[in-house]
Amino acid sequence: MTINASSQEKLLIIGCGDIGQRFAQQLDPNRYQITGLRRHPPEDLPSLRYLACDATQSDQLDTILSDEEFDVIVISMTPAERSNAGYETAYVKTCRNLVAGLKHHQLKPRLLIFVSSTAVYGQNDGSWVDELSPTEPEGFSGTRLLEAEQVIQQSGFANCIVRFSGIYGPDRNRLIEQVKQKRASASLYYTNRIHADDCAGVLAHVIELQRTRDIAPIYLATDSSPTPMINVVSWIAEQLGIKDFLAPDAVNERGNKRICNQRLLASGYRFIHPDFRSGYARLLASADNQG
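For clarity, every value in this text was computed on a predicted model and none was experimentally measured.

Peer 1: Would you mind showing me how to read the environment of Gly241 here?
Peer 2: As for its position among the elements, Gly241 is in the loop between helix 7 (229-240) and strand 13 (258-259). Judged by relative accessible area, which is 63%, Gly241 ranks as exposed. With 20 residues separating them along the chain, Gly241 and Ala221 place their C-alpha atoms 31 Å apart.

Peer 1: How do you make sense of the environment of Gly17 when you look at a structure like this?
Peer 2: Within the secondary structure layout, Gly17 lies in the loop between strand 1 (9-14) and helix 1 (18-25). Look past the residues within four positions of Gly17 in its chain and what remains in contact with it is Arg38 and Tyr50.

Peer 1: What's the story with the side chain of Ser76 in this structure? I'm lost.
Peer 2: Mapping Ser76 onto the fold places it in the loop between strand 4 (72-75) and helix 3 (84-104). When residues no more than four places from it in sequence are discounted, the contact partners of Ser76 are Ile14, Gly15 and Val115.

Peer 1: What am I meant to see in the sheet that holds strand 5 (residues 111-117) here?
Peer 2: Pairing between the strands of a sheet is mediated by backbone hydrogen bonds and can be parallel or antiparallel. Across the sheet, seven strands lie side by side as 3-2-1-4-5-7-11; this open sheet has parallel pairing. Two strands bound the open sheet, and with one partner strand each, they are strand 3 (49-52) and strand 11 (218-221). When strand polarity is set aside, the average angle formed by the axes of neighbouring strands in this sheet is 20°. Along the sheet face, helix 4 (residues 140-153) touches strand 4, strand 5, strand 7 (159-164) and strand 11 and points at about 170° away from the line of strand 5.

Peer 1: What is the right way to read the side chain of Arg144 from this model?
Peer 2: With respect to the helices and strands, Arg144 occurs in helix 4. Take Arg144: its relative accessible area is 19%, and that puts it in the buried class. Here Glu147 takes part through its side chain, which lies 2.7 Å from a polar atom of the side chain of Arg144. If we ignore the near neighbours within four places in the chain, the residues touching Arg144 are Asn84, Tyr87, Glu88 and Val92.

Peer 1: Can you help me understand the pattern of salt bridges in this one?
Peer 2: Pairs may arise between side chains of opposite charge once their charged atoms sit close together. Tallied over the entire structure, the rule returns 16 salt bridges. In this structure, Asp18 and Arg22 form a salt bridge, with 3.0 Å as the shortest nitrogen-oxygen distance. With Asp18 and Arg22 both in helix 1 and four residues apart, the pair spans about one turn of that helix. Judged by relative accessible area, Asp18 falls into the partly exposed class, the value being 30%. For Arg22, a relative accessible area of 17% corresponds to the buried category. Between Glu147 and Arg144 there is a salt bridge, with the nearest N and O atoms lying 2.7 Å from each other. Here Glu147 and its partner Arg144 are both found in helix 4, three residues apart, which amounts to about one turn of the helix. Salt bridges sharing common partners tie together Glu9, Arg31, Arg110, Glu208 and Arg211.

Peer 1: Please explain unusual backbone geometry as it appears in this structure.
Peer 2: The backbone of Asp171 shows a phi angle near 65°, a positive value even though the residue is not glycine. Note that Asp171 resides in the loop between strand 8 (166-168) and helix 5 (174-180). Look at Asp171 and you get exposed, because its relative accessible area is 79%. Non-glycine residue Lys182 carries a positive phi angle of around 60°. Turning to its location among the elements, Lys182 is positioned in the loop between helix 5 and strand 9 (190-191). Classification of Lys182 as partly exposed rests on a relative accessible area of 44%.

Criteria and cut-off values
- Residues numbered from 1 in each chain as written.
- Predicted model: local features only at pLDDT ≥ 70, side-chain atom pairs only at ≥ 80, totals over all residues.
- Heavy atoms only, no water.
- Helix = DSSP H or I, 4+ residues; strand = E, 2+ residues; numbered from the N terminus.
- Buried < 20%, exposed > 50% of the residue type's maximum accessible area, 1.4 Å probe, protein only.
- Contact = heavy atoms within 4.5 Å.
- Pairing = 2+ DSSP bridges.
- Axes fitted to C-alpha atoms, helices over the stretch in contact; angles between N-to-C directions.
- Polar contact = N/O pair within 3.5 Å; in protein donor to acceptor, adjacent residues only side chain to side chain.
- Salt bridge = Lys/Arg side-chain N within 4 Å of Asp/Glu carboxyl O.

Below is the structure:
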């Protein structure tokens, strides 16, 4: 599906936290009116107005949809708890509420984007994974995310699934803190990362892309450098001048796969941080500036 639109469009971000804010800042305010939904919304930003809404409650989301017709809707939820029930409520229930509400009010947005995760892949042998690879998640998180994806894909509305790998960035400094606290992992398993600014950039890229050309049903959003965990934390430690940073009992990340971003690159997206060194260098510089 392609469109040729020159007028301002209304965009709704369901679950508008840090990524949603960064995403809104990357869009042209002359082209989009942006609304973000949160249970407890902060103050409005210049490019973003907030509305209070718990999207897991169908009546609350239905009220939002009945008041305004949105052209683009992005679903970017965060579970209240990391559990099967938490993921089912945040992702599956929200997607079902959205689809039911749109159909009830006979609305037809030009695009739904569901923010998912590479947790839908269960590969654990270091192999390459792309959009056509089997999705056989081992844990509840991937299982519930895949279920939510299917709700959107089977909705009858134009849609796109964006699967992010491990997100890092400001206030997402877990590996840096592990190195500082001498709790880093010596795992040889591959880890896949994407900076929060690139998460926002990918979402902006996809909705703009659809204005002029067909888009793929699924994009894997990850940087261009899958890397063993030991290499990532060793580089961070080197930048910090820390020699003793590993813990033999450190909890390793789940999975061992290399995520391929070639479909996203072929669509024209250019990464702000194409590898972990670029992104973490900025984080470390920012920390230095803060003393």
